Amino acid sequence: MARASTAHKYIFIVGGVMSGVGKGIASSSIAALLKARGLKVTSLKIDPYINVDAGTMNPTVHGEVFVLEDGLETDQDMGNYERFLNQSISSINYMTTGSVYLSVIKRERNLEYEGKCVEVVPDIPLEVISRIEKAAEGADADVTTIEIGGTVGEYQNILFLEAIRMMKSQHPDDVATVLVSYLPVPNSIGEMKTKPTQYAARTLNSAGVFADIIIARAPIALDEKRRQKIALFCNVKPEHVISAPDVKSIYDVPLNFEKDNLSGQLCEILKMNKCSPTIDLKDWEEFVRRSKNGGKEVKIAVVGKYFDSGDFVLSDVYISVLEAIKYSCYAVGVKPNIDYISSQQFEKGENLEKLAGYDGVLVPGGFGETGIEGKINVIKYVRENKIPYFGLCYGMQLMTVEFARNVAGLAGAHTTEIDPKTAHPVIAILPEQIEKLAKKDYGGTMRLGAYPCELTPGSIAQEAYQAKSISERHRHRYEINPDYIKQLENAGLVFSGKSPDGILMEIAELPKSEHPFFLGTQFHPEFRARPLAPHPLFNAFIKAAVERKSK
Ligand code: GLN
C-alpha cells in the first residue's frame, strides 16, 4: 500500500540511448533551477562500477577525482553539482555498486540481518533507498536529485532502476523520473530521429519505471512535430518534453531548460507547494553574461601529464582547475585562453621558450614519475622569468623541489615519492601513510578532505583570502619535510599557510619583491571554486596574469 506523502521529494535522472550527452549537467541544472525556486535541494550520484570510490581510478579513464569536504573521492559530476548549486555536498550523496554491496556484506557479517537470507533483490535496492533517504534527511532537502550513471538497458544499473520502482510504488506522489535521451540527426538523412528515444523509454518501462519528463538532447532544438511524437510514443505530456539543443557553454543549460519551464513542470508533477511561482536566476544570468563578455584575453598554460589519450586531448581530467580559472577570469573581467600542455616535452629542458607567451602557468595535482623533470624545468623557467605561477598539490611540492635544488643549494633534492634515496628529501611521506602503503592499503587512505590552515599576516595568500584562517580540501600522501623548513625559509621561501599545530606547510610563496606571483598550495583550492563564488587564490593568480599582460 502506498504510504502518505513525505516531506521529501525525489527526482531521478536516468540516461537513454548513449552516455556522454550531459546527464550530469542536466542533473546539476535541475538542482540549480529548483534551488532558484526557493527550495532546499541536495544532489546524489550513483555510479554503477564496482570500485568503492573513484579514488583508485586512472583519471585518463574516468576523468577527474573530485574530493568532498568530508574526504570522499568521487566522480567529477559531484563537482558539477557543487558548482551549480553553490553548496557543499556530503559523502552520503555518492555511491557506487561496490560501496553498496560492501555495506550490505559488512552488515550480513555482523549478523545485522539476524539470520535472514540476504538477497540481491530487495536488499541491494533497499540499501540504495536507505542511503538516498539519509542524504535527503541529512540535508533537510525539500527535493533531492539522484543521477544514475550509465544508460537504461545496461545490465549494470538495473538494481538502481529497481530502487526507483520500489520508491515510486511506496511514495507515488514524491518520486519523479527524468529521462535524458539523445535524438540523433544523421548527416545522411538530415532529420532528427526519435526512434532511439522511444526504445529508451520502453526499456525504462520494462524495468517498471515511467518517465515523467523527457529531456531531448540533440544537436538542434526540438520541433513541435517531434515533441508530439515523443509525447505520444513515450507516454508523457507534450509540455513534459524539454528541448535541449547543444549549447556553447554548460552554464547556458539551466537557462535553456527554463525556456520550457522545466522547474515549473517538476514542481507541478511533484506537487511541491513550497516551490515559488517565480524563479530567481539573477545571479546566474549575471554570471553567464560576464562569461560571454569580450574583454582582454589572458593566456594561461596548464602543464600536466594526463592530457594525451590517443588522438584526443582530455581536459576533463582537470575540470575543476579549468573551471576555477574561468570563474576568476570572468570575475576579474578578462577572457580566458587556456592551453593544455603536456609536461613531457620539457623533460630535457627544451621547448621552454614557448612559455614566454603565457601570462600565467599552472601545474595541477598529480602522482608518479611521468613528466616530473619537465614540470620542474617549467617551474624553474617561470620563477626565473617572473611569469605568474600557481602550483596545486603536486605543483606545490615540485615548486619546493625546484626551489631547493636551484635556490637553496640542495643538489639532487626530490620528493621521496619518486626518489626514496634522494640526498635531500624535501618532500617526504606523511608519517601516518607509511604503514598504509606497506600494507597496500591504497583506497581512500590519503590525507583527504577539508583541513584548517592558518595564514601568515602580510603574505600574498593572506591578502588574497582576507582571512586569518581558512579551510581547504586535500588529497595527498606526501608533504614538505619538516627537517627542511628552516633551510628553505633561509633561502627565501615563505610558508604562508600552516596547519594550526604549525607542523604541516600548506602554502608556499615567494615575496612580491622577488616574484609577482609564485605560490603553491598543498591543498586543492579548485574544489571550492564556484561560478557564483570564484576562489580568492585563483583571483589573485589571474590578477597577476593580467598585470603581466599589461606590461
Ligand atoms: N603525489 C603527491 C602526494 O601524494 C601529490 C598529490 C596530488 O597532487 N593530489 O602527496
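Residues numbered from 1 in each chain as written. Predicted model: local features only at pLDDT ≥ 70, side-chain atom pairs only at ≥ 80, totals over all residues. Heavy atoms only, no water.

A. Region of the structure containing the pattern of salt bridges. The full count for this structure, using the stated rule, is 39 salt bridges. Of the charged contacts, one joins aspartate 47 and lysine 45 as a salt bridge, the two residues approaching to 3.1 Å between their closest N and O atoms. The residues aspartate 47 and lysine 45 share a single accessibility class, namely buried. What emerges from the salt-bridge pattern is a single network uniting Glu69, Glu82, Arg473, Arg528 and Arg530. (Salt bridge = Lys/Arg side-chain N within 4 Å of Asp/Glu carboxyl O. Buried < 20%, exposed > 50% of the residue type's maximum accessible area, 1.4 Å probe, protein only.)

B. Highlighting the site of the ligand. What surrounds the ligand is the set Gly365, Gly366, Phe367, Cys393, Tyr394, Gln397, Glu417, Arg475, His476, Arg477, Tyr478 and His524. Within the contact set of the ligand, an oxygen atom lies 3.0 Å away from a backbone nitrogen or oxygen of tyrosine 394. Arginine 475 is positioned such that a nitrogen or oxygen atom in its backbone is 2.9 Å from a nitrogen atom of the ligand. For the ligand, the accessible surface in isolation is 300 Å², of which the surrounding protein chains cover 99%. Where the shell around the ligand is concerned, the elements lending two or more residues are helix 14 (394-406) and strand 19 (469-476). Looking at the shell around the ligand, its residues break down into 4 nonpolar, 5 polar and 3 charged. (Near = heavy atom within 4 Å. Polar contact = N/O pair within 3.5 Å; in protein donor to acceptor, adjacent residues only side chain to side chain. Areas by Shrake-Rupley, 256 points an atom, 1.4 Å probe, with all protein chains shown as cover. Helix = DSSP H or I, 4+ residues; strand = E, 2+ residues; numbered from the N terminus. Nonpolar A, V, L, I, M, F, W, Y, C, P; charged D, E, K, R; others polar.)

C. Representation of the nonpolar core. In terms of nonpolar packing, the biggest core is built from 84 residues, with Ile215 and Ile325 touching the most fellow members. Discounting residues that sit within four places of it in the chain, isoleucine 215 has contacts with Ala26, Ile30, Val178, Leu179, Val180, Ser181, Ile242, Ala244, Phe257 and Leu262. (Core = buried A, V, L, I, M, F, W, Y, C linked by side-chain atoms within 4.5 Å. Contact = heavy atoms within 4.5 Å.)

D. The sheet that holds strand 20 (residues 478-480), seen in detail. Strand order in this open sheet of 3 strands is 16-17-20, and the pairing throughout is mixed. Strands with a single pairing partner mark the edges of an open sheet, and in this sheet they are strand 16 (414-415) and strand 20. Two strands pair when backbone bridges link them, and strand 17 (residues 425-429) and strand 20 are joined in this way by 3 bridges, in the antiparallel orientation. Its bridge partner lying in strand 20, isoleucine 427 is registered against isoleucine 480. On the sheet, helix 14 packs against strand 16, strand 17 and strand 20 and is oriented at approximately 150° with respect to strand 17. (Pairing = 2+ DSSP bridges. Axes fitted to C-alpha atoms, helices over the stretch in contact; angles between N-to-C directions.)

E. Structural view of the sheet that holds strand 22 (residues 505-509). In spatial order, the strands read 13-10-14-15-23-22-21-18-19; together these 9 strands make up an open sheet with mixed pairing. Edge positions in the sheet fall to strand 13 (335-342) and strand 19, since each of these pairs with one other strand and no more. Across this sheet, the average inter-strand angle for adjacent strands is 25°, counted without regard to direction. Judged from the 8 bridges that link them, strand 18 (residues 447-455) and strand 19 form a sheet pairing that is antiparallel.

F. A look at the packing of helix 4 (residues 97-109) against helix 5 (residues 120-138). One can describe the packing of helix 4 onto helix 5 by two numbers: an axis separation of 10 Å at closest approach and a directional angle of 110°. Considering the angle they form, helix 4 stands roughly perpendicular to helix 5. When the axes of helix 4 and helix 5 are compared, the crossing they make is right-handed. Facing Ser99, Val100, Tyr101, Ser103, Val104 and Arg107 of helix 4, the residues of helix 5 in contact are Val120, Asp123, Ile124, Glu127, Val128 and Arg131. Of the residues belonging to the contact of helix 4 with helix 5, the class tally is 6 nonpolar, 2 polar and 4 charged. (Parallel < 35°, antiparallel > 145°, perpendicular 65-115°, else oblique. Left-handed = near helix turned anticlockwise from the far one by under 90°.)

G. Representation of a positive patch on the surface. Together, Lys195, Arg202, Lys225 and Lys229 make up a region of like positive charge exposed at the surface. Secondary-structure elements contributing two or more residues to the positive patch are helix 7 (195-206) and helix 8 (224-234). With respect to the secondary-structure elements, lysine 225 resides in helix 8. (Patch = residues over 30% accessible without salt bridge, like charges linked within 9 Å, V, L, I, M, F, W, Y side chains within 5 Å. Lys, Arg positive; Asp, Glu negative; His and termini not counted. Charge placed at Lys NZ, Arg CZ, Asp CG, Glu CD.)

H. Layout of the packing of helix 12 (residues 319-332) against helix 18 (residues 536-550). At a minimum axis separation of 9 Å, helix 12 and helix 18 run at an interaxial angle of 65°. Helix 18 is crossed by helix 12, and the crossing has right-handed handedness. Facing Val321, Ala324, Ile325, Ser328, Cys329 and Val332 of helix 12, the residues of helix 18 in contact are Phe538, Asn539, Ile542, Lys543 and Val546. Across the contact of helix 12 with helix 18, the residue classes tally to 8 nonpolar, 2 polar and 1 charged.

I. Up close: unusual backbone geometry. The peptide bond linking valine 121 to proline 122 adopts the cis configuration, its omega dihedral lying at 15°. Phi angles above zero are rare outside glycine, and glutamate 114 is one such case at about 50°. Positionally, glutamate 114 belongs in the loop between helix 4 and helix 5. Despite not being glycine, glutamine 466 has its phi angle at roughly 55°, a positive value. You can call glutamine 466 exposed: its relative accessible area is 65%.

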